[in-house]
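The lines below spell out each chain.
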Amino acid sequence: MSIEVLLFIAFGGLAIAFAVGMILSKNAVHSALFLIGNFGCVAFMFLMLNAPFISMVQIAVYAGAIMVLFLFVIMLLGAEKTTDTTSQRFPWLTGVATFLTISLLIALGLPLLSGFTLPAYQGADPLVRVTNAAVDPTLLISPETPPTADTSEDAEALPEIVYGLHLTVQISGGTLAAPVVFDDILFGETTDFASLPAGDYTVTLLRTDTGSPVARPLPVTFANGQVLTLTAFGELDLNTSTLVDLEIVQNSLEAPQNAEGRLLLFNGYTDPFVPLSLVDLGGNRALDIRTTDGTPAIIDPVLAEDIRYGEAPIVATYPKGTYTLAIVQPIFTISQTESGDQRRTISDYEIIHELNNFTINADEELPLLLVKNGLQPVTDDTAQPGLQAAPIFEFQSVVLRDSAIQTNPTFGSPGGVGLILFTTYLLPVNLVGLLLLVALIGVIIVTRPFGEKQQRRGNIRRKVSRPLVSVINQQTGSDVVVEQPKLPAGEEQK
Amino acid sequence: MHTDSYPQLIPLVILIPAIGAFINLFWGKRLTERVSGWIGITAALLSFVISWLIVSHVHGAHGAGSVVNPPAFFDGWIRIESIGLDIPWQFRVDPITSVMLLVVTGVGSLIHIYSMGYMHGDPKFSRFFAFLNMFLMFMLILVTGNNFLMMFVGWEGVGLMSYLLIGFNWDKGGALGRKNANAARKAMIVNRVGDFGILMSVFLIFWTFGTLNFYSPGETANVCYALEVNHLGECEKKGEHSETEGEGAAVVPAEGETTAEGEHSETEATTAEGEHSETTAAEGEHGETEATTDEHGETTTAEGEHGEEAEGEHGAPVALEDIDNSQFEPKQLGVFGQTKYYMELPEGDAGRMISFGPFELDFGQVLFLILIFMMLGVAGKSAQIPLFIWLPDAMAGPTPVSALMHAATMVTAGVFLLVRSNVFLDYAPEARFVIAIIGSTTALMAGYIAIGQWDIKRVLAYSTISQLGFMVAAVGLGAYVAAIFHLATHAVFKALLFLGSGSVIHGVEHGHHHGHGHGHDSHDDHHDDHAAHHDDFDPQDMRNMGGLGNRMPLTYITYLFGTFALAGLPFFAGFWSKDEILADAWHVGFDEGHLEGYIVLGLLLAAAACTAFYMWRQVQMVFHGQPRSEGAANAPESSAWMVIPLLILAFFSFTIGFMNVPTNGPFHGFFGWKDYEFKHFLESSVPSLTGKTPLEFNWLLAIGAVALAFAAIAFAHSRYAGDKALENREDPNIANRLDPLYANRATRQIWSLANARMYWDEIYGALIEQPYNRLADFFANVVDWRFLHDYFHDTVLKKGYDTLAGLLARPFDLGIIDGAVNGVGWLIGFFSGRMRGLQTGYVRTYAVVLLFGVVVVIVLMLLPLIQARAGQ
Amino acid sequence: MPPAVPTEFFVMLSMILFALGAMGVLLRKNAILVFMSVELMLNSANLALAAFARQWNEMDGHIFVFFVMTVAAAEVAIGLALIVAIFRHKQSINIDDLHQLEG
């Protein structure tokens, strides 16, 4: 028996005891105090149920405000000693009430006591989307139109000439009657999420123009609660006409803690042996490298390192804010060891892409895809045959800010409750507010003293004013004409 | 000067009086007399100025007519697309409209000014001006509309205004007020008879032509004339009208001939067209296209213009196809264009047959019917036999109203309508014959009756009927120019006479009040207390006048001008216009040998003699001799507001006749006006004028007519001169003051018949009114009251209903229905009485029951679950 | 991973508290105490809602708890005002003294 169960039993028993005390105590004040205790125990139960906001409201509003009101009225009316005993009008009621209550308990509790268990929560249906980051190298070899360099400072702009493929992705299998098709996804485009029932599926990637498959069908399993991004990346193999890879990126809807944003770093770019790092350049916007014993080390804050080609993305959390980030790759020096093996040592780091004014938001998961894409013709003369235009590389994720996933707020948190209140339940909230207003007015009207007294008081004042005028007139000898206040007809008769 | 856009102003001509009327109607009570008067006068004058601009354009454009769309607001007035009915609110600006515009707004403005003086002090002053302005508005709608329906709107509008203004003094109280109100009703009812005719004719026109438009936008009314003035060659079909006329009148030729003729004319037309196009190429530079584009982008005017000032100024030549209407299908033309098309079809052609459901009529017959119905309406509005009887009674209205509506403008609407329909008339000689006879008979009859009248305004009213008869007769003879010419001149001098008589009446009434020395200043409210101080004195009765020439010199002189003009003394306006009608009658009779020419000539000559006679009688009775009453003795000259319009009108009643001087007559070239200026001006609206040589001045007839007039005046002078004007003129009872003709035994019967107005009212009373009243009485008392009410309703229906209701009420309603309802109520009461014990009022019992319910519901809900558990 | 304390436990606790509240409503004659018992019942319902919210991982349950609390606050305000008014009128808050709505 775990500590939680023990706590539950302890506080549950206490709650029941307080409730019984409330019912049985002769003094209304004692009853109220018992009830406060009961409310406190229930608030603890709320805490155990992952509902901290409700718990606090329970303490503050229920145990606090409302019970104060009760106590106040009790003391105001002097009703602490109840008059229960004076009249025994319905002696049969005690028995009937007890019987009914017990039968209610039995009716409700029998299923539970007889071993009935609530079905377990399976999680939501899996959500799937597709990102196209696949490059067609044939276009790099013989560009039909010379690519224009994107000279603008705006790092988020997608280059105008994109050597990408148009992909169509089919997901078939499972319990689907017809395959789910994501049609004609452009390079750099991320589709919306599609909700599928959990199960085993086959993912097929097709070129939109020719309709021929560009990768082998990939069997996948989607489980409940999963949020997945199918990322097509790499180059189209010229010989087999297949894509190099399709990576299934697991996203998470869970909110990162401490107002941090979450970055999902995926490397679809470098050759498999060069791991990349994501570095915060800070204000000086230059890479700060210190070298000790010939091995350079990065001093700037490193968000993630060792991001390897084609592997599952590295998750990095970083406080929300706007930064200048850089993708950095190591430069290796190859040296011969005595044994004749080649040995690679890191001799330097270079920035391969800089992300200016990069904003990290809290409650957001931002997938960053580092993929290959040609932007401008090669300028260096070490052009290799077959790849005439050395590609310049661009982060697809930088372009696709809207593909960031809004994470769910924490269950039961004030933020979560408030968000729902102000979105889905805005109208009911307003109605409840209106109800409170009506209650307010209702209280005033119900407890208002009967009207006669006030009216009488008003009349008294008027009666005084009449002789006063005549007195002034007499004393001053003037003819101060003051309009006589008109009395209601009934008043004149008195 | 570019005047092309002037016709676009025509909506303003109507809008301005409408605004004036609006202001005076709704705020008149708060405005002072002067302000509301000025509003009315300003509206009329502005309207006149704009009309003048428009007419100057039309004149400059050689009478080229145009159709003007008003700005947007009225676009598509009545449109029912499913049946192809489309009656737009469009204006027609052409010479006939122009003449009417000038007459209506010109005379109207003067009468507005006159009213400022005449109505001074009237409590309903602003209302009077509102009505006058509204009358102007409707009259202008009448004359400017481009379709029969707009014409009819104006027609009914002026009728309404006539009704309202005749009965303007309905509140006089006593017999006088009743008399005024009855006069208004009489006018209204008599005109309804005429309006039935107009409506029938409009329906027939729509049925026949499928449109009510006079002319389509861009259509040329008179192609031959337009060709001529644009130097596009002569119209080769010259004289075809007379041929067609001849055909209609003569025996119908054999069919073979007709076909041959038709073919012939077609061939001719083709040749002519070919020539025209050549001519266009050769002479194109002389003409110019005048295309006025209105706001809707439609071309409204496409008629040519030539002339000294236009030549060379604009280079664009007039294209032949723009004016020969060849761009239109026959059915797209206005009614007049279509008439020409129909009549040019050979007789017996299937296209000429108009289907009326069960039967078909030839187009010519339909045209005859249209015109006869139209003539019925004209007889109503223009006071012709048999519907003229309302006009003498209409003199109950204030004198400016009589002058404006019942002499100068409204009553001429019928003549205007007939002249507007001149194309119809050209092709319907039988209808014209009827019209000519009606017109000339009316002229003589009314002239004769006028001799025997005592009331100064009644004399003028019959005179108006008589002169309208002249115009209608002229229309019947085909002398449209003469009719319109006489319309214009008559409008001027008859307005002058009426205003003069108003001035006289005003003066006598004043003098009467002054002479009786009422204690207060009766000047301001004499209209008011006329009823209060009503004595037997009638300021309109000529027996109470005499010698006013000395008291009111300006009125006297201007009145003489009007008298001479009306009598047709040489070189006054009436001389020219009346003589032209007579000359036309002469022409039709002696030159063309038509019967109606002789008849009309004879009747009109006699009527002209009557005219001179009764006018001179009136002048003598009113202005000469000794005053025969206090009122006449003390009458003051009228105020400047009234005299100035008189002077202006007197000037024009002398000069206006010179605008249509015949070629060889005296004074031709006077004022620099060309001979037959008026005829040329009208020509583009009246196709039958083209190709006819204008009549020469008929010296014989002119001298004869003038001699006749002088003879009549001389005869009248011998009877009425000075104090001879009345026998027993000192007799205090004016009924004993006798006309010399009556006193003379030889002429007593003649005069009595005239004095009794030839018993028209009595005849109508016996023939129509009394049978009608008896019939109405029968329907009301016997059929409606005794039969329907007393017997049918009270006996049959009521009893039957009571019986049925009794049956339904007792056994059925009370027994079954009430029983059922009460039974249900009793049942509910019974059970609820048993159930009320459950309502203890104690909360705790309710709570227990509630809890019980909760338990039951939960058990029921969980029952499947519990059963499943138990099953395991 | 199943939660440490099963949801069923909380539901059972909620049931028991509800039953106790119902007993209080039925058996106590002091209007204020009746009211307090009603509050107890509302609370037990809240507890069940929160438990199921955790079970199905849906925060809508919390929202309903929130609404129930709000409505309860309004209800308490009005109810206590009524009690005060009744007490003024009758000098008693024994609900058995109130049976004017008797049929």
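Our structure is the block above this text.
Residues numbered from 1 in each chain as written. Chains lettered and ligands numbered in written order. Predicted model: local features only at pLDDT ≥ 70, side-chain atom pairs only at ≥ 80, totals over all residues. Heavy atoms only, no water.

**Considerations on the sheet that holds strand E13 (residues 302-307) of chain A**
All names here are of chain A. Overall, antiparallel pairing links the four strands, which are arranged E13-E10-E15-E16 in an open sheet. Pairing within the sheet leaves two strands with one partner each, and these edge strands are E13 and strand E16 (342-360). Shown here is a sheet whose adjacent strand axes are inclined to one another by a mean of 20°, direction ignored. The pairing of strand E10 (residues 276-280) with strand E15 (residues 321-336) spans four bridges and is classified as antiparallel. (Pairing = 2+ DSSP bridges. Helix = DSSP H or I, 4+ residues; strand = E, 2+ residues; numbered from the N terminus. Axes fitted to C-alpha atoms, helices over the stretch in contact; angles between N-to-C directions.)

**As for the interface of chain A and chain C**
Residue-level contacts link 87 residues of chain A with 70 residues of chain C. In total, about 7000 Å² of surface goes out of reach between chain A and chain C, with carbon and sulfur atoms giving 80% of it. Considering only the side of chain A, the residues that lose the most area to chain C are Leu49, Phe70 and Phe411 of chain A, jointly responsible for 10% of the buried surface there. Where chain A meets chain C, there are zero salt bridges. Put simply, chain A and chain C have six residue pairs in polar contact (both at pLDDT 80 or more) between them. (Contact = heavy atoms within 4.5 Å. Buried area = accessible area lost by both parts, 1.4 Å probe. Salt bridge = Lys/Arg side-chain N within 4 Å of Asp/Glu carboxyl O. Polar contact = N/O pair within 3.5 Å; in protein donor to acceptor, adjacent residues only side chain to side chain.)

**Some words on the pattern of salt bridges**
It is possible for side chains of opposite charge to pair when their charged atoms get near one another. All names here are of chain B. Inspection of every chain in the model, using the stated rule, returns 18 salt bridges over all chains. Among the salt bridges present, the one from Arg352 reaches Asp362, with a minimum N-O distance of 3.0 Å. Taken together, the residues Arg352 in the loop between helix H11 (335-344) and strand E7 (353-356) and Asp362 in strand E8 (residues 359-362) connect sequence positions 10 residues apart. Asp362 carries the same exposure label as Arg352, and that label is buried. (Buried < 20%, exposed > 50% of the residue type's maximum accessible area, 1.4 Å probe, protein only.)

**Side note on the packing of aromatic side chains**
Residue and element names in this part refer to chain B. Within the structure shown, the criterion is met by 68 aromatic pairs over all chains. The interplanar angle of 80° and the centroid separation of 5.0 Å between the aromatic rings of Phe572 and Phe654 together place this pair among those described as edge-to-face. Linking Phe572 in the loop between helix H23 (553-567) and helix H24 (573-591) with Phe654 in helix H27 (residues 640-655), this pair joins segments that are 82 residues apart in sequence. Given a relative accessible area of 12%, Phe572 falls into the buried group. According to the relative accessible area criterion, Phe654 is partly exposed, its value standing at 29%. Here the aromatic cluster, defined as three or more aromatic residues joined through ring pairs, consists of Phe561, Phe564, Phe571, Phe572, Phe575, Trp576, Trp616, Phe654, Phe658, Phe697 and Trp699. Looking at Arg748, its charged tip hangs above the ring of Tyr742, at a distance of 4.5 Å from the centre. Its end group placed over the ring of Phe830, Arg834 keeps NZ or CZ at 4.7 Å from the ring centre. (Phe/Tyr/Trp six-rings, centres within 6.5 Å; stacked < 30°, edge-to-face > 60°. Lys NZ or Arg CZ within 6 Å of the ring centre and 35° of its normal.)

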